[in-house]
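As a plain string of letters, each chain reads:
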Amino acid sequence: MKSAHRSVLIMITLSIGLIGLAMLFSHQNQPLSLAQSVSNSANAEPIPIDRLSVAPLVARASPAVVNIAVVQPSPYAQNPLLRDPYFRRFFGVSEGVLQPRLSAGSGVVVDANKGLVVTNFHIVDGASLIMVMLEDKRQLEAELVASDDQADIALLRIPAKNLTAVPLAASDSAQVGDYVIAIGNPFGIGQSVTAGIVSALGRGLSPERHFGLIQTDAPINPGNSGGPLINMRGEVIGINVSILTPVQANIGIGFAVPASVVRQLLRSEKS
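Notes on the structure in this doc start here. (Residues numbered from 1 in each chain as written. Predicted model: local features only at pLDDT ≥ 70, side-chain atom pairs only at ≥ 80, totals over all residues. Heavy atoms only, no water.)

Moving on to the overall build of the protein. Helix and strand counts for the protein come out as six helices and 13 strands. Considering the protein as a whole, with its 271 residues, one finds that 37% of them fall into the buried category. Here the protein has roughly 16,100 Å² of accessible surface; of this, 59% comes from carbon and sulfur atoms. (Helix = DSSP H or I, 4+ residues; strand = E, 2+ residues; numbered from the N terminus. Buried < 20%, exposed > 50% of the residue type's maximum accessible area, 1.4 Å probe, protein only. Areas by Shrake-Rupley, 256 points an atom, 1.4 Å probe, with all protein chains shown as cover.)

Here you go:
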């Protein structure tokens, strides 16, 4: 009788042990609870903020970006009749239309030693006075030394020392999807930075034009023209030139002249 009781007791003990092992195995292999997952995520190492910012790149490039103010003669002043006060009154033309026009844009220093600045040709075309303002607020009169009206780029020279330049990309190696930033003076409010990607290459390429434009969705607004389009290596891959818009506002389709065209203009200046 005692032997039978002992056997039953052993069987019960073994059953309890097996149940405990099964519960332990099940607990070790079940998915983490929501609370445990949140706890583990909260304890993960945060991503350093400098990996999410282009601030170091902007700090290097922005001193090379300049504002350009231009004085251009009024087109009305070119008319011999309208230079006569009698005919101005006869045609109902106000005196104010004879005043010189002021326009503004952006540019970038590409050679600090020579004081060479690249901008758009349409900004300085026909200018009687070109003034360049540096980031440190120095204002200098600039000289137009070379231009390409077909490419809409111009090369200026300023008599300044202690300049900062941004290097031109060695080749047109930009690829669709590359991150880029645009720096300029939109609407005359002061230097501003926008960011985006290269949306397309070779826009506007035709038998009449030997180069195609870089398309980008980095916002380019009035006043940004002539400023640089810069890649993540801190190189100028293009000069911002225009936007495509039906409403006179940015819709994310902007264009830049490739760096290779700027290099050709620089070579013409040296020759």
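Here we have seven strands laid out as an open sheet, ordered S5-S4-S1-S2-S3-S7-S6, and antiparallel in their pairing. Each edge of the sheet is formed by a strand with only one pairing partner; in this case those strands are strand S5 (139–141) and strand S6 (143–148). With strand direction ignored, the average angle separating the axes of adjacent strands in the sheet is 30°. Note: strand S1 (residues 65–72) against strand S4 (residues 129–133), five bridges, orientation antiparallel. Directly across from Asn67, in S4, lies its bridge partner Met133. (Pairing = 2+ DSSP bridges. Axes fitted to C-alpha atoms, helices over the stretch in contact; angles between N-to-C directions.)

Moving on, we get to the sheet that holds strand S8 (residues 179–184). Strand order in the closed barrel formed by six strands is S8-S9-S10-S13-S12-S11, with antiparallel pairing between adjacent strands. Each neighbouring strand pair of the sheet contributes to a mean axis angle of 45°, computed without reference to strand direction.

This paragraph deals with unusual backbone geometry. The backbone of Lys137 sits at a positive phi, close to 80°, despite the residue not being glycine. Along the chain, Lys137 turns up in the loop between S4 and S5. Positive phi, normally seen in glycine, also occurs at Asp152, with a value near 60°. Here Asp152 lies in the loop between S6 and strand S7 (153–157).

Here Thr119 lies in strand S3 (residues 116–119). Of note is the side chain of Thr119, whose polar atom sits 2.6 Å from the backbone oxygen of Ser106. Those residues within four positions of Thr119 in sequence are excluded, and the remaining contacts are Ile68, Ser106, Gly107, Val124, Asp152, Ile153, Ala154, Leu156 and Gly226. (Polar contact = N/O pair within 3.5 Å; in protein donor to acceptor, adjacent residues only side chain to side chain. Contact = heavy atoms within 4.5 Å.)

With respect to the helices and strands, the residue Asn240 is situated in strand S12 (residues 236–243). With relative accessibility at 0%, the residue Asn240 sits in the buried group. One polar contact links the side chain of Asn240 to the main-chain carbonyl oxygen of Pro228, over a distance of 3.4 Å. Asn240 has contacts with Asn120, Ala182, Ile220, Asn224, Ser225, Gly226, Gly227, Pro228, Leu229, Phe255 and Ala256, leaving out every residue within four places of it along the chain.

This part takes up a nonpolar patch on the surface. On the surface, a nonpolar cluster with roughly 300 Å² of combined accessible area is contributed by Val54, Tyr179 and Met232. Relative to the helices and strands, Met232 resides in the loop between strand S11 (228–231) and S12. For Met232, a relative accessible area of 39% gives the class partly exposed. (Patch = residues over 30% accessible without salt bridge, like charges linked within 9 Å, V, L, I, M, F, W, Y side chains within 5 Å. Salt bridge = Lys/Arg side-chain N within 4 Å of Asp/Glu carboxyl O.)

With that settled, consider the nonpolar core. With 58 residues, the main nonpolar core has Ile68, Val132, Ile153, Leu156, Ile158 and Ile237 as its most contacted residues. For this core, the element with the highest residue contribution is helix H6 (residues 259–270), accounting for five residues. (Core = buried A, V, L, I, M, F, W, Y, C linked by side-chain atoms within 4.5 Å.)

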